[in-house]
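Analysis of the macromolecular model
Given next are the chains, with one letter for each unit.
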Amino acid sequence: MRKLLRSLCFALSVMGLMEPASAWAQTKVLFEAMHAQTAGNADWVLDEDSCGTAQRYPTPAQSGITATTPETYWGGAYSSFGVALVKKGFSVESLPGGGRITYGDTSNAQDLKNYKVLILPEPNIRYTTAERTAIQAFVKNGGGVFLISDHGNSDRNNDGWDSPEILNELMTGVSWGLRFQVMGESDNWFNDNPDSRYTTDTTSPIVHAGAYGKATVGKGLGLFGSTSITLNPSANPNAKGHVWMTTGTAGSNSRVTFATSTDGTGRIAAIGDSSPSEDATNGCGHTTHNGWNESLYDNALIHLNAVAWLAGAGGGGGTSDTTPPTAPSGLSASAVSSSQVNLSWTASTDNVGVASYNVYRSTDNASFSAVASVSGTSHSDTGRTASTTYYYRVSADDAANNESAVSNTASATTPATTSAARVILNELLVNEPGSDVTKEFVELVNVGGTSIDIGGWSIWDSTAKRHTFATGTVLGAGKAIVVFGSTSGIPAGTPNAVGASTGTLGLGNSGDTVTVKNAGSANVDSLVVSSTLAGTDGVSANRSPDASATGSFVLHTSVSTAGSSPGTRANGSAF
């Protein structure tokens, strides 16, 4: 990013783009500002009255904005963007830190159902599963989302994730047909100014037939540190490129710099750089590019065209739909604990696309109540009562809120109450056999009475995090999982074993400290491995009694004739 002097002549061009306020009256645009949009040198907020804090309503009030109001009216690097939208008649808000991203939650004053367009300016923190589900539902049901990425390795808060990776993850589970290039891939970090290799489709609502005019060849976008977008029309034939890199080919599926797509009745716009949409109205040590106000490029025009299209202008959006999906089939229910019933079913079909499924529950098989709305074909119904029979039915909704007939009825009876899950360190091989460090291992055992999801849990030694369990990893009651230094070190036939996600455990032969942490970084179990327990080549430290939460650690040869027993009980039997 670079900081430039504002171009005074651009103020006149913005005034030239004015239209009657009534055109977009009551159309609300939400700028997401709760995912570290002010990290590092970033300042992608409408207004920032105090450093690092965007408020819901920028001040002074937007009602005071006129055709001559300068972008300095507000104090964030997206003030130009916001002020320009207000001049068009839109209403703008920020979703500040401490807010919630939901869809259909009437307790949330900023629920996405209250807005027409959601702008995601270079997020630096990953969206949670619930947030991703809400944004996807918002689009399927007619909302417009603007994905503003940046170049690879733009991790401004140093959490290991940058914006193209975060936005790609946001699109998990949906078929938008768009993907940002990330570090290690081609065209993930480049400058291209001007960038005006436009689509030949003259109906393009972004560059040729936009609500605010046609972009000029030779101007286009001013990209300063951009990634590119790859299209997947086989996943979504409505995924379209509008601008390509100067070195790209118009009409191709790669080297796209501005793209759009649709899902259900909603719309998506995407750009690979935040430079064109930001200005230099900022403080608090932030340094941003003055792209919005550069008269050399059509940055403002293209972005305003995009927001108007996302809000419903022009063609190419989702279609009207009055046909309901088919009923889900094959519903099955399984009580996995005294308080949880897992459901699964076969997907419905729809002429446009299934948006979500409604889960209905009953205790008398007569009166059913809606208990959940989910995007996939499974659901875990938690908080149930032990020793109770529950009955379930499922229906499908499409993006136009057409609901299908209900599925077959499935039932399950929860068992009596069992003990809670409890995960312990049970066996550790610190001093590997010979010099093959890939055979070091850490064995965890769930000694509780219920299964537990350990996705996101981690294993640490005294110096660093060595392994993070993959999302969805479930450790059953009474079961074990083993982490080896590398997949190459896993002995053949070892049950439920994985290689360390970092490629090594790095345990010290003269002693070490091994700690298990949950997804919230709280300690679950820890062991200081003494030199006595680590001093024998190829012999592990094991609980005695085996798999006992209160057992002390001894050399494995004290509880068995074997030197170790990864994945099995000390005597070699299965967990």
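A few points on the structure. Computed from a prediction, not measured in an experiment: that's the story for all the values here.

Another point: the overall build of the protein. Check the secondary structure of the protein and you find six helices and 31 strands. When its C-alpha atoms are laid out on the principal axes, the protein stretches across 85 × 60 × 45 Å. Counting all 575 residues of the protein, 53% fall into the buried class. In the structure as shown, the protein presents an accessible area of about 22200 Å², 50% of it carried by carbon and sulfur atoms. The distance from the centre of the 32 positive side-chain charges to the centre of the 47 negative ones in the protein is 3 Å.

Now for the nonpolar core. Core analysis: the largest hydrophobic core is formed by 44 residues, its most contacted members being Phe-81, Phe-146 and Phe-258. Contributions of two or more residues to this core are made by β1 (28–32), α2 (79–87), β3 (117–121), β4 (144–148), β8 (221–226), β12 (266–271) and α5 (299–310). Not counting residues up to four positions away in its chain, the partners in contact with Phe-81 are Phe-31, Ile-119, Phe-146, Ile-148, Ser-277, Trp-292, His-303 and Val-307. Core analysis: the next-biggest nonpolar cluster, separate from the first, contains 31 residues, Val-145, Leu-231, Trp-244 and Ile-268 among them.

Right, let's get into the packing of aromatic side chains. In total, this model carries nine aromatic pairs according to the counting rule given. Centroid distance Phe-31 to Tyr-78: 6.1 Å. Interplanar angle 80°. Geometry classified as edge-to-face. Taken together, the residues Phe-31 in strand β1 and Tyr-78 in the loop between β1 and α2 connect sequence positions 47 residues apart. Considered together, Phe-31 and Tyr-78 belong to a single accessibility category, that of buried residues. Members of the aromatic cluster, joined through ring pairs, are Phe-31, Tyr-78, Phe-81 and Trp-292.

This part covers the environment of Thr-247. By secondary structure assignment, the location of Thr-247 is in the loop between β10 (240–244) and β11 (256–263). Owing to a relative accessible area of 55%, Thr-247 belongs among the exposed residues under this scheme.

Tracing the backbone shows Val-474 in strand β25 (residues 474–475). Spatially, the C-alpha atom of Val-474 lies 5.8 Å from that of Ile-454, the residues being 20 residues apart in sequence. Dropping the residues within four chain positions of it, Val-474 is found in contact with Ser-451, Ile-452 and Asp-453.

Here the amide bond leading from Asn-193 into Pro-194 is cis, since omega sits at 0°, within 30 degrees of zero. Of note, Pro-194 is situated in strand β6 (residues 190–195). For the bond running from Ser-544 to Pro-545, omega is 0°, close enough to zero to count as cis. Tracing the backbone shows Pro-545 in the loop between β30 (541–544) and β31 (552–555). In this structure, Ser-521 takes a positive phi of about 70° despite not being glycine. Counting through the fold element by element, Ser-521 comes out in the loop between β28 (512–517) and β29 (523–529). For Ser-521, a relative accessible area of 53% gives the class exposed. Residue Ala-547 is not a glycine yet carries a positive backbone phi of 60°. Turning to its location among the elements, Ala-547 is positioned in the loop between β30 and β31.

Okay, the sheet that holds β28 next. The antiparallel open sheet is built from four strands, whose spatial order is β24-β23-β28-β29. Looking at which strands have only one partner, the edges of the open sheet turn out to be β24 (465–468) and β29. On average, each strand axis in the sheet is inclined to that of its neighbour by 15°, with strand direction left out of account. Pairing of strand β23 (residues 458–460) with β24 involves three bridges; the strand directions are antiparallel. Counted as the bridge partner of Ile-459 is His-467 from β24.

What counts, and at which threshold
Residues numbered from 1 in each chain as written. Predicted model: local features only at pLDDT ≥ 70, side-chain atom pairs only at ≥ 80, totals over all residues. Heavy atoms only, no water. Helix = DSSP H or I, 4+ residues; strand = E, 2+ residues; numbered from the N terminus. Buried < 20%, exposed > 50% of the residue type's maximum accessible area, 1.4 Å probe, protein only. Areas by Shrake-Rupley, 256 points an atom, 1.4 Å probe, with all protein chains shown as cover. Lys, Arg positive; Asp, Glu negative; His and termini not counted. Charge placed at Lys NZ, Arg CZ, Asp CG, Glu CD. Core = buried A, V, L, I, M, F, W, Y, C linked by side-chain atoms within 4.5 Å. Contact = heavy atoms within 4.5 Å. Phe/Tyr/Trp six-rings, centres within 6.5 Å; stacked < 30°, edge-to-face > 60°. Pairing = 2+ DSSP bridges. Axes fitted to C-alpha atoms, helices over the stretch in contact; angles between N-to-C directions.

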